[in-house]
Amino acid sequence: MNPIDDYLAQLAPLLPPRGRRRILAEVEAHLHEAAAEQGEAEAVARFGAARDVAAGFVACAADRSGRRLLVVAASLVAAQVLLLIAPVVPHHWRQAPVAPYTRLLPVDVYLYVTDAHRWLAFAAAAGLACGAVAALRRARLRRAAVAVLGVLTATLGAYVAAGWVAVGRFPFAHESDVLLALALAAPVVLHLAARGRTMPRLLVPLATGVGLVGLIGLALPGILVRLVDLSYADTSAFGTAVRVAQQAWLVGAAAALGWSVRDASRRQPA
Amino acid sequence: VDGHLPLLVLAVLADEPAHGYAILERLRRRSEGAFELQEGTLYPLLHRLEDDGLLASRWTTATGRRRREYRLTQRGRSTLRERTRAWRDFATAVERVLAVPA
C-alpha cells in the first residue's frame, strides 16, 4: 500500500459517517496534487496526523447536529406551549381522546396515560435542547439552546404554580412534573451563574444526563403509548386531524430522540 | 494564525473560486511563506464555513482530476468586509499603543 492509500485507510474509520465519502475524496485529491510536487510521503506528513484531521471534522459534524437538535427542540417547545394554553381552545386539545383499552387499566395507570401527552413534548424538547447544549461548541448557539431550556422551565413552573394557586395542590398529582421543572432549571441556573465562561465543563455531563433521563424515562414510554393508541373513539374530522397531528409530531420526536441519544453518546474531540 | 484563519480563507477566495490545495498555495504566496499550516486543518474549516453559509462548493474536473472548488457566497462577502474592517480597527489600535515611546 502506498503512503496515500495507507493514510486514507487510517482516516476513514475516524470520520463521522455523514459526508465521509466527500471528505475522503477531497483529501485524496489534495494528497495526489501535493504528491506531484513533493512526493507522497512528504504530502502525507504535511497534511497532518489522521486523528487530528478527523477531530476537526467530528467537531464540525457535532455542531451541525447540535443545530438540528436546537431547531427541533424549539419547535417542540412551541407546540407544547400551545397545548398548555389550550383552555381557550376546544376540548380535544386539553384532553386528548384515548383508546378504549386504556379504560381497562388500573386507575393510576389510566390517569398517567390520559395525562401523559401533556408532558411528552416537554421531556423530548428538554432532551433535545440538552443534547444541543452538549453538542454545540459555539457560545452563541449554546446560549440559544439554554434559552430553549429556560422557556421550558418558566412555562412548566408557571403551569404548576397556577394549578397550585387555583386548586391548592399540584393539579395533576405527578411529582415528575416538579422534578422535571427542577431538572430543567438546573442547567439554566448553572449557565447564568457561570456567565457562559465555564459552562461547557459544568454543563455538558449534567445536560446530557438530564436529557437522557428526560428522554428515556418520560418521553419514550409516552411516545410508545401514543403510537400504540391508534383506535380513538372520536372519529370526527377535528378528532382525526388532532390524532394525525399528534402521531406525526410524536414520530418526529422519536426520530429526533434517536439523534439526541447518538449525539450525547458521541465523545467531543478535545 | 488559528483564530484568523477563517478571515484569511475568505480573503483568498474573494477574487476567484479555488480548491483546497490552491487556497493553501495562495495563502503561502500572499503571506510570503509566513503562514505554514498543517494542511489537513484547512478542510474542516472549509466545511464549517460552508455550513455557516459563507462558502459554497461544487465538484469540478481539471486536467483529469476531480476537485472540490469553493467560492464565496454573498453572505461570505459581507462577512469578509465586516471582519476586515474589524481587523484593521484592531491593528490600528495596536499600532497606536506600540507607537508610544517606552
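This text goes with the structure placed above it.
Because the structure is predicted, anything quoted here is derived from the model rather than measured.

What counts, and at which threshold
- Residues numbered from 1 in each chain as written.
- Chains lettered and ligands numbered in written order.
- Predicted model: local features only at pLDDT ≥ 70, side-chain atom pairs only at ≥ 80, totals over all residues.
- Heavy atoms only, no water.
- Helix = DSSP H or I, 4+ residues; strand = E, 2+ residues; numbered from the N terminus.
- Buried < 20%, exposed > 50% of the residue type's maximum accessible area, 1.4 Å probe, protein only.
- Contact = heavy atoms within 4.5 Å.
- Areas by Shrake-Rupley, 256 points an atom, 1.4 Å probe, with all protein chains shown as cover.
- Patch = residues over 30% accessible without salt bridge, like charges linked within 9 Å, V, L, I, M, F, W, Y side chains within 5 Å.
- Salt bridge = Lys/Arg side-chain N within 4 Å of Asp/Glu carboxyl O.
- Pairing = 2+ DSSP bridges.
- Axes fitted to C-alpha atoms, helices over the stretch in contact; angles between N-to-C directions.
- Core = buried A, V, L, I, M, F, W, Y, C linked by side-chain atoms within 4.5 Å.
- Polar contact = N/O pair within 3.5 Å; in protein donor to acceptor, adjacent residues only side chain to side chain.
- Nonpolar A, V, L, I, M, F, W, Y, C, P; charged D, E, K, R; others polar.
- Parallel < 35°, antiparallel > 145°, perpendicular 65-115°, else oblique.
- Phe/Tyr/Trp six-rings, centres within 6.5 Å; stacked < 30°, edge-to-face > 60°.

**Student:** Hey, could you run me through the overall build of chain A in this one?
**Tutor:** For chain A, the helix and strand inventory stands at ten helices and zero strands. Listing every helix and strand of chain A by position from the N terminus yields α-α-α-α-α-α-α-α-α-α. A buried classification covers 44% of the 270 residues belonging to chain A. In chain A, 75% of the contacts between residues at least 6 apart in sequence involve partners at least 24 apart. Accessible surface, chain A: about 13200 Å² in total, of which carbon and sulfur atoms supply 67%.

**Student:** Explanation requested: a nonpolar patch on the surface in the structure shown.
**Tutor:** A grouping of Trp87(B), Phe90(B), Val94(B) and Leu98(B) is seen on the molecular surface, where their side chains present a nonpolar patch of about 410 Å² in accessible area. By secondary structure assignment, the location of Trp87(B) is in helix 4 (residues 74–99).

**Student:** Mind showing me how you'd approach the pattern of salt bridges here?
**Tutor:** Proximity of charged atoms lets side chains of opposite charge pair with each other. One pass over the structure, following the stated rule, counts eight salt bridges over all chains. With a closest N to O distance of 2.8 Å, Arg67(B) and Glu33(A) form a salt bridge. Linking Arg67(B) in strand 3 (residues 65–72) with Glu33(A) in helix 2 (residues 20–38), this pair reaches from one chain into another. Side by side, Arg67(B) and Glu33(A) carry an identical accessibility label, which is buried. We note a salt bridge from Arg28(B) to Glu39(B), for which the minimum N-O separation is 3.1 Å.

**Student:** What is the right way to look at the sheet that holds strand 3 of chain B in this model?
**Tutor:** Sheet strands pair by backbone hydrogen bonding; their relative direction is either parallel or antiparallel. Residues and elements named next belong to chain B. Overall, antiparallel pairing links the three strands, which are arranged 1-3-2 in an open sheet. Each end of this open sheet is capped by a strand with a single partner; those strands are strand 1 (18–19) and strand 2 (55–62). Note: strand 1 against strand 3, two bridges, orientation antiparallel. From the neighbouring strand, His19 faces strand 3, where its bridge partner is Glu69. Its contacts with the sheet put helix 3 (residues 42–51) on strand 2 and strand 3, and the angle it makes with strand 2 is roughly 125 degrees.

**Student:** Explain the nonpolar core here, please?
**Tutor:** In summary, soluble globular proteins display a tendency toward joint burial of nonpolar side chains. Formed by 40 residues in total, the largest nonpolar core has its most connected members in Tyr7(A) and Val9(B). Broken down by secondary-structure element, the contributors of at least two residues to this core are helix 1 (3–11), helix 2, helix 3 (40–47) and helix 4 (50–84) of chain A together with helix 1 (5–12), helix 2 (20–30), helix 3 and strand 3 of chain B. With sequence-adjacent residues up to four places away left out, Tyr7(A) is seen in contact with Val27(A), Leu31(A), Val44(A), Phe47(A), Gly48(A), Ala49(A), Ala50(A) and Val53(A).

**Student:** Would you explain the interface of chain B and chain A in this entry?
**Tutor:** It is common to report an interface's size as the accessible area lost on association of the parts. Counting residues at the interface gives 24 residues for chain B and 26 residues for chain A. Run the count over chain B and chain A and you get three salt bridges. Across the pair Arg46(A) and Glu39(B) runs a salt bridge, and its minimum N-O distance is 3.2 Å. The interface formed by chain B and chain A contains eleven residue pairs in polar contact (both at pLDDT 80 or more). Counting only elements with at least two residues in the side of chain B that touches chain A, the list comes to helix 2, helix 3, strand 2 and strand 3 of chain B. Of the residues assigned to the side of chain B that touches chain A, the class counts are seven nonpolar, six polar and eleven charged.

**Student:** Sorry, what's going on with the packing of helix 1 of chain B against helix 2 of chain B here?
**Tutor:** Helix-helix packing: each pair is described by the crossing angle between the helix axes and the interaxial distance. All names here are of chain B. It is at 10 Å that the axes of helix 1 and helix 2 come closest, and there the two elements cross at 100 degrees. Comparing their axes, helix 2 and helix 1 come out roughly perpendicular. Along its contact with helix 1, which presents Leu5, Leu8, Val9, Ala11 and Val12, the element helix 2 presents Ile23, Arg26, Leu27 and Arg30. By residue class, the composition of the contact of helix 1 with helix 2 is seven nonpolar, no polar and two charged.

**Student:** Got a minute to help me understand the packing of aromatic side chains in this structure?
**Tutor:** Remark: the centre distance and the inter-plane angle together describe each pair of aromatic rings, the angle taken between the planes. Applying the stated criterion across every chain, the model contains three aromatic pairs over all chains. Relative to Phe47(A), the ring of Tyr7(A) lies with its centre 5.9 Å away and its plane at 85 degrees, an arrangement referred to as edge-to-face. Highlighted residues: Tyr7(A) in helix 1 and Phe47(A) in helix 3, separated in sequence by 40 residues. For the pair Tyr7(A) and Phe47(A), a shared accessibility class is recorded, and that class is buried. Summarising the aromatic geometry, the rings of Phe47(A) and Tyr43(B) are spaced 5.9 Å apart at their centres and angled 35 degrees between planes, so their arrangement reads as tilted. Here Tyr43(B) lies in helix 3 and Phe47(A) lies in helix 3, a pairing that spans two chains. On the basis of relative accessibility, which here comes to 0%, the residue Phe47(A) falls in the buried class. On the basis of relative accessibility, which here comes to 3%, the residue Tyr43(B) falls in the buried class. Taken together, the ring pairs in this structure connect Tyr7(A), Phe47(A) and Tyr43(B) into an aromatic cluster.

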